[in-house]
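Descriptive structure summary
If you want the building blocks of each chain, they are given just below.
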Amino acid sequence: MTLSSDELQAAAKQHLWMHFTRMSSYSSGDIPVIVRGSGPYVYDDKGKRYLDGLAGLFVSMVGHGRTELAEAASKQASELAYFPLWSYAHPSAVQLASRLAELAPGDLNRVFFTTSGSEAVESAWKLAKAYFKRIGEPTRYKVLSREYAYHGTSMGALAVTGLSSIKHDFEPLPPGGVRVPNTNFYRAPEFVADDEAKFGVWAADEIERAILREDAESVAAVYLEPVQNSGGCFTPPPGYFQRVREICDKYGVLLVSDEVICAFGRLGYYFGAERYGYQPDIITFAKGVTSGYSPLGGMIVRDELMEPFLTGTATFLHGITFAGHPVSSAVALANLDVFERDNLLGNVRANEAGFRATLDKLTDLPIVGDVRGAGYFYGIELVKDKATKETFSDDESERLLRGFLSHALFDAGLVCRADDRGDPVIQLAPPLICTQEHFDEIEQILRSVLTEAWTKI
Ligand SMILES: Cc1ncc(COP(=O)(O)O)c(C=O)c1O
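A few points on the structure. Small disclaimer: the values here were computed from a predicted structure and weren't measured. (Residues numbered from 1 in each chain as written. Predicted model: local features only at pLDDT ≥ 70, side-chain atom pairs only at ≥ 80, totals over all residues. Heavy atoms only, no water.)

This next bit is on the nonpolar core. Ranked by size, the top nonpolar core spans 69 residues in total, and within it F264, L359, I380, L405 and L446 carry the most contacts. Sort the elements by how many residues they give to this core and helix α11 (residues 326-341) lands first, with 8 residues. Each residue touching L359, except ones within four places of it in the same chain, is listed here: V371, Y378, I380, L428, I442 and L446. One finds L54, V192, A204 and L255 within the second-largest nonpolar core, a separate group that totals 41 residues. (Core = buried A, V, L, I, M, F, W, Y, C linked by side-chain atoms within 4.5 Å. Buried < 20%, exposed > 50% of the residue type's maximum accessible area, 1.4 Å probe, protein only. Helix = DSSP H or I, 4+ residues; strand = E, 2+ residues; numbered from the N terminus. Contact = heavy atoms within 4.5 Å.)

This is the structure we're talking about:
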């Protein structure tokens, strides 16, 4: 049964609970209904086209409408739609695990699948706790993560998340989440604001100070994204990850590279850790591994972390029914084939400077304070006063982002994200197939909407 646009609206308003969505904002206006996609574009139920500047939700790496991925799903579902990884294997999960182990840096050779990023983050925490118990360090359970960093929404992942505003409703959360500073150089403390490398050393050393403050023997892991999404694409200062690695080694703490966004080409590499030259103990992934043609997540862990679970009765007592789902695994393999065949990493590396330069043009606007990011992943911070970097009050931010920008950008044909969970930013992460014509389209839409936004302040 195909519903008309009006029927879709009525049914959505009556039955569909949208995620992280203020439902009241649709009490008068229409809910956007996206019905199909092709390449970097998506189309709504009225046929209007939008440039997908956020790859859905940092997901659609290869773009929309790739029939070979749909065919891989169909073939797998016909052959074996489902079987669990609880005591069994199936060929797609086996092949995908091998392929990911080959792509991942160093001795990250063991793949534990999940269905989502939150589950991956939470699985890594569970593994860290269970691992330390088995190697005779049972007091280690705390996890460090950065201010504003988003690591997911299930209770454990939420405890790792550094956004207090999305946690209050659900407290008390599992104990052990500890915050350290992020790497927002635009708003670096004054004493290190003149030198990014110095800022990086300070930010990394804050991790050491937190470990000591908490008692090193209680700390299990540090979770860091290669480029931190929430807050607006905070790139790591030069040397930051190398210093963090040293600190983790010094105190026996695991380094978890949360690459739910940054893996699979977002930064021009299969894994962000490669781009910044550090060796994690665990990589968590989801989103781009299938380009969203089917859900999948997981963690890739060093051989050493699995060793205590390889003998006798030892078992990692953790599992998820749909983890490593055959259809998702087959889709992920087909997705990686597209990466290779179409040289998507090469496309990102060849074009990222052009993307950056195009967005940098926007800095002539009075509202644009900073453009930052890497690869195909950028944040544009909006300010009230460029000279002083003064940000907007909560009320202004509410009016500007929710009241105007989010809708205006979408109406102008651009899917992106206006986010005020830290300072107000616009986030961009288009499919990896985008080229200069798409960057120009993004810039033109942003220019006209941000120019109008300035008149509304
Ligand atoms: C860095 C990071 N970790 C974890 C998650 C949670 O992933 P999911 O929404 O698939 O549970 C996200 C989601 O955006 C993320 O960006």
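Time to look at the pairing of strand β8 (residues 254-258). Across the 5 residues that make up β8, a large majority, 5, are buried. Residues L254, V256 and D258 line one face of β8 and the alternating positions L255 and S257 line the opposite face, and both faces are buried. Examined bridge by bridge, strand β7 (residues 219-224) and β8 share 4 bridges and lie parallel to one another. Among the inter-strand pairings, Y223 is bridged to a residue of β8, identified as V256. The β-α-β motif built from β7, the intervening helix α8 (residues 240-251) and the parallel element β8 has right-handed crossover chirality. Relative to strand β9 (residues 282-285), β8 runs parallel, the two sharing 3 bridges. From the neighbouring strand, D258 faces β9, where its bridge partner is T284. (Pairing = 2+ DSSP bridges. Right-handed = clockwise from strand over helix to strand, strands pointing away.)

By the definition in use, this model includes 22 aromatic pairs. Each ring, one from F112 and one from F316, has its centre 5.4 Å from the other, and the planes form 65°; the classification is edge-to-face. Note that F112 is positioned in strand β4 (residues 108-114) and F316 in the loop between α10 (303-306) and α11, a separation of 204 residues in sequence. Here F316 falls in the buried class, since its relative accessible area comes to 17%. Plain terms: the ring middles of F191 and W202 are 5.9 Å apart, the flat faces sit at 85° to each other, and that makes the pair edge-to-face. With F191 in the loop between β6 (177-180) and α7 (196-214) and W202 in helix α7, this residue pair connects regions lying 11 residues apart in the sequence. A cation over an aromatic ring shows up here: K129 above the ring of W125, its NZ or CZ 5.2 Å from the ring centre. Lying across the ring of Y269, R349 places its NZ or CZ 4.0 Å from the centre. (Phe/Tyr/Trp six-rings, centres within 6.5 Å; stacked < 30°, edge-to-face > 60°. Lys NZ or Arg CZ within 6 Å of the ring centre and 35° of its normal.)

Considering only enclosed or pocket space, the second largest pocket measures out at about 790 Å³ in volume. As for the second largest pocket, its lining consists of 24 residues, and the residues nearest its centre are L85, V111, F112, M306 and H318. Going through the elements one at a time, α4 (91-103), β4, β10 (297-302) and α10 are the ones with two or more residues in the lining of the second largest pocket. The dominant element in the lining of the second largest pocket, judged by the number of residues it contributes, is β4, at 4 residues. The class makeup of the residues in the lining of the second largest pocket is 19 nonpolar, 4 polar and 1 charged. (1 Å grid on protein atoms, 1.4 Å probe; cavity = no way out; pocket = protein on both sides within 12 Å on 5 of 7 lines; lining within 4 Å. Points joined across faces, edges and corners; volume = space filled by probe spheres on them. Nonpolar A, V, L, I, M, F, W, Y, C, P; charged D, E, K, R; others polar.)

The subject of this paragraph is the site of the ligand. Every residue close to the ligand is listed here: S116, G117, S118, V121, Y150, H151, G152, E225, D258, V260, I261 and K287. The separation between an oxygen atom of the ligand and a polar main-chain atom of G117 is 2.8 Å. S118 is positioned with one of its side-chain polar atoms (N or O) 2.6 Å from an oxygen atom of the ligand. Relative to its unbound accessible surface of 390 Å², the ligand loses 85% to contact with the protein. Of the residues forming the shell around the ligand, the biggest block, 3 residues, is contributed by helix α5 (residues 117-134). Here the residues of the shell around the ligand are counted per class, giving 4 nonpolar, 5 polar and 3 charged. (Near = heavy atom within 4 Å. Polar contact = N/O pair within 3.5 Å; in protein donor to acceptor, adjacent residues only side chain to side chain. Areas by Shrake-Rupley, 256 points an atom, 1.4 Å probe, with all protein chains shown as cover.)

Taken together, 4 strands build an open sheet; the order of strands is β1-β2-β3-β13 and the sheet is mixed. The open sheet terminates on both sides in strands that have one partner only, identified here as β1 (34-38) and β13 (414-415). Sheet topology note: the β1/strand β2 (residues 41-44) ladder contains 4 bridges and is antiparallel. The residue bridging I34 from the neighbouring strand is D44, located in β2. Contacts between helix α14 (residues 436-455) and the sheet are confined to β2, β3 (49-52) and β13, with β3 contributing the most and set at about 110° to the helix. (Axes fitted to C-alpha atoms, helices over the stretch in contact; angles between N-to-C directions.)

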